[in-house]
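Listed here are the chains, written in short residue letters.
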Amino acid sequence: MPSLPKFLPSLLASVLLACAIPTLAADPGPNLRDDPGLAQPLPYKVAPCREGTIIECGIFTVPLDWHDPSAGNGSIVFARYPAASQGTRKGTVFLHTGVSSWFSSDRAPQIDLSRQAGALYKRLNGEYDLVMWTPRGRGTPGISVPGTLACFEDSFDKSVYYQEMAWRESEAPSDWDEETLAWTRRQTADDALIFHRVQQRAVIDCVENVQDLGQGDMLRYVGTAATVRDMVAMADAFDGPNAQIRFWGAQPGSLVGSYLQKLCPERIGRLVMDDPVDPVSYNAVPSYLTWQAAIAIANNSVAMLEESCASDKPADCSFPGGPPRPDMAFLALSVMLLRQDLMGWRNQYVVDLQNSRYHQFFDAVRKDKSVTQNWQTFEEHTKSLNRYPVHDLAALGLGEMPIVCGDALYEHTPDNETLRAAVEFALTESLHSVPLLMSSAFPSWRFLCHLWPIRAVERVSFSAPQEQKPVQETLVLLRKLDPWNYLRVSDTAARELWPGAHVFANLDFGPFMFNHNNCNLDLIASFLANGTVPEEPSPCENGDERRQQIRPARHKRTHKGALEL
Ligand SMILES: *[C@@H]1O[C@H](CO)[C@@H](O)[C@H](O)[C@H]1NC(C)=O
Ligand SMILES: *[C@@H]1O[C@H](CO)[C@@H](O)[C@H](O)[C@H]1NC(C)=O
Ligand SMILES: *[C@@H]1O[C@H](CO)[C@@H](O)[C@H](O)[C@H]1NC(C)=O
Ligand SMILES: *[C@@H]1O[C@H](CO)[C@@H](O)[C@H](O)[C@H]1NC(C)=O
């Protein structure tokens, strides 16, 4: 591990920025949702997303730079599952699955909300608005401002660009399929080095292009600190100035909670850090090193899946809500999501078919043919691995690079030859190191921060010494296996990062995007509603068994003093 950057004084100044909005002095009370009640107009517009749905879609106006109003305004797209009635409404719960989920393409927040929020809503007796939003740097440009960075007009444009670049960087033909930009043979160390130069050029060309369009400045306003201030502003507008914030963040979404705790600890009502990412390695460790650690963790969690799936007790080898049997669909999805998230190139499935370690994995899991269904052959299974979308909006840009690399604490040093050599060494060293994920690996955009020239106007250091107020109202959930979260925190690190928090470790299998079982949902909902946590040290140890025992929840309300709105 490299040494962490020295404490940056400029970061401290921003940490001290107040999180209250001084201009809204009068307290409109928590229940006056969507009613200005004040001289100013509301900073947002909201309406049902479409006819017949109760879910509402809104646009929220924010300053592009929270420290400089003259930079102009941006807009945040949000969706809201409204409380059952204004009379019993107690406030808002903000939800975040990730940097719009590191895995998903740009999905509108109302889609995630309508699919996933119902179970939480019911457990909260419909007393809270549930709000999801598209973070800065994601979403349709022009509607979300700043939205997703696009580098190419369409997939054809992208394909032509890459073909030309490949010819420029190497005399040989590129050996990838023009349509899918997937490799047609197993990649070598030279391929990795050439592709690294291609990606470097692609970043430069993309940023130049954006600057020519007069949009270059926007990229500085992308970043998690600004995203957190946007959420705080929404809380002020929806629940009243300085309202306490309830937030549930899963996996990368937990970073919003970490930033909130660092920037505005006084605003925290209740924070659920669900399978959290380690915020220190998130922005302090050079991303190519984070990638090496991440692929090793992901690779090893697939190896654990293999072990579990091939064993006599395959409890961890299925979807959290699915049947507890070895499930090839689940395995293929896991590997597919990991590739989509971690890998910067693709293979044609013929290349995957030559991966003998992966074949062995398939055979181990399929040893008892009577209990597996879905794909009949390794070939079909392998084909399904490559079925993820190539040409979504994010794929025409640089993925999460503008967000994650904008948050990075180290500066961009394009002429540092030592760094370049270190990156190239890592690329060749890791190329064939994770056969369970991909026969040859190359980092996705967000792990190439040494190529990204822009940093966010506001950044936050988690390793910097700072007086940390113990956050009693934080629930930290750590899971014993999670193929989709890497550089997550250890039990010890969690207790240091969130002193005073309720930490439950060793929870059952890691869920994907709020797809929790009943035990986990009950745990989270009770905490959000009234701060109660189980007395037993290891709740939900076996989610499926516990599910049978759960009695229908009694809809009793307790009020716990000032934290209740
Ligand atoms: C930005 O939004 C604020 C609040 O909605 C508004 O008062 C201000 O005039 C806007 N500024 C610009 C440049 O549009
Ligand atoms: C990935 O997992 C395999 C287990 O099948 C192991 O042999 C290999 O060393 C792992 N790679 C890393 C980088 O840990
Ligand atoms: C260049 O990169 C190396 C390796 O990351 C680092 O140790 C060194 O401090 C960097 N030098 C400068 C001038 O940034
Ligand atoms: C806390 O809230 C949850 C969810 O609404 C509820 O099921 C539970 O009974 C409540 N606990 C107490 C002690 O009121």
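The structure under discussion appears in the preceding block.
Within every chain, residues take consecutive numbers counted from 1 along the sequence as written. Each chain is given a letter, starting from A, and each ligand a number, starting from 1, according to the order in which they appear as written. Only residues with pLDDT of at least 70 get local features here, since the model is predicted, and only at 80 or more are side-chain atom pairs given and counted; chain-wide, interface and lining totals rely on the full set of residues. Note: side-chain values were computed over all heavy atoms of the structure, leaving out hydrogens and water.

Caption draft 1: Structural view of helix α17 (residues 518–530). Spanning 13 residues, α17 covers 18 Å between terminal C-alpha atoms, matching the ideal 18 Å at 1.5 Å per step. Most of α17 is tucked away, with ten of its 13 residues classed as buried. Restricting attention to buried positions, one finds in α17 the residues Cys519, Asn520, Leu521, Leu523, Ile524, Ala525, Phe527, Leu528, Ala529 and Asn530. Runs of E in the DSSP output that reach at least two residues are strands. Runs of H or I that reach at least four are helices, and both are numbered from the N terminus. Of the residues one or two after α17, glycine 531 is the one with positive phi, at around 80 degrees. In this scheme, a helix's expected span is set at 1.5 Å multiplied by one less than its residue total. For each residue, the accessible area found with a 1.4 Å probe, counting protein chains only, is set against the maximum for its type, and the residue is called buried under 20%, exposed over 50%, and partly exposed in between.

Caption draft 2: Looking closely at the state of the cysteines. Defined by distance alone, a disulfide is two cysteine sulfur atoms within 2.5 Å. All told, the structure shown has three disulfides when counted by the stated rule. Two residues, cysteine 49 and cysteine 57, share a disulfide whose sulfurs are 2.0 Å apart. Because the sign of the S-S torsion sets the handedness, a value of about 105 degrees for the bond joining cysteine 49 and cysteine 57 places this disulfide among the right-handed ones. Two residues share a disulfide in this structure: cysteine 405 and cysteine 449, whose sulfurs sit 2.1 Å from each other. Between cysteine 405 and cysteine 449 the sulfur-sulfur dihedral comes to about -80 degrees; the bridge is accordingly left-handed. Remark: cysteine 449 occurs in the loop between α15 (417–430) and β11 (474–479) and cysteine 405 occurs in helix α14 (residues 401–407); sequence separation between them is 44 residues. Judged by its relative accessible area of 1%, cysteine 449 falls in the buried class.

Caption draft 3: Fine view of the pattern of salt bridges. The working definition used for a salt bridge is a side-chain nitrogen of Lys or Arg within 4 Å of a carboxyl oxygen of Asp or Glu. Taken as a whole and assessed by the stated rule, the structure comprises 22 salt bridges. Two residues, glutamate 473 and arginine 270, come together in a salt bridge whose shortest N-O distance is 2.9 Å. Taken together, the residues span a long stretch of sequence, with glutamate 473 in the loop between α15 and β11 and arginine 270 in strand β9 (residues 268–274) at a distance of 203 residues. The pair glutamate 473 / arginine 270 is uniform in exposure class, with both members buried. Its salt-bridge partner being arginine 495, residue aspartate 491 comes within 2.6 Å of it at the nearest N-O pair. With aspartate 491 and arginine 495 both in helix α16 (residues 491–497), this residue pair falls four residues apart, about one helical turn.

That's the geometry; what it means functionally is another story.
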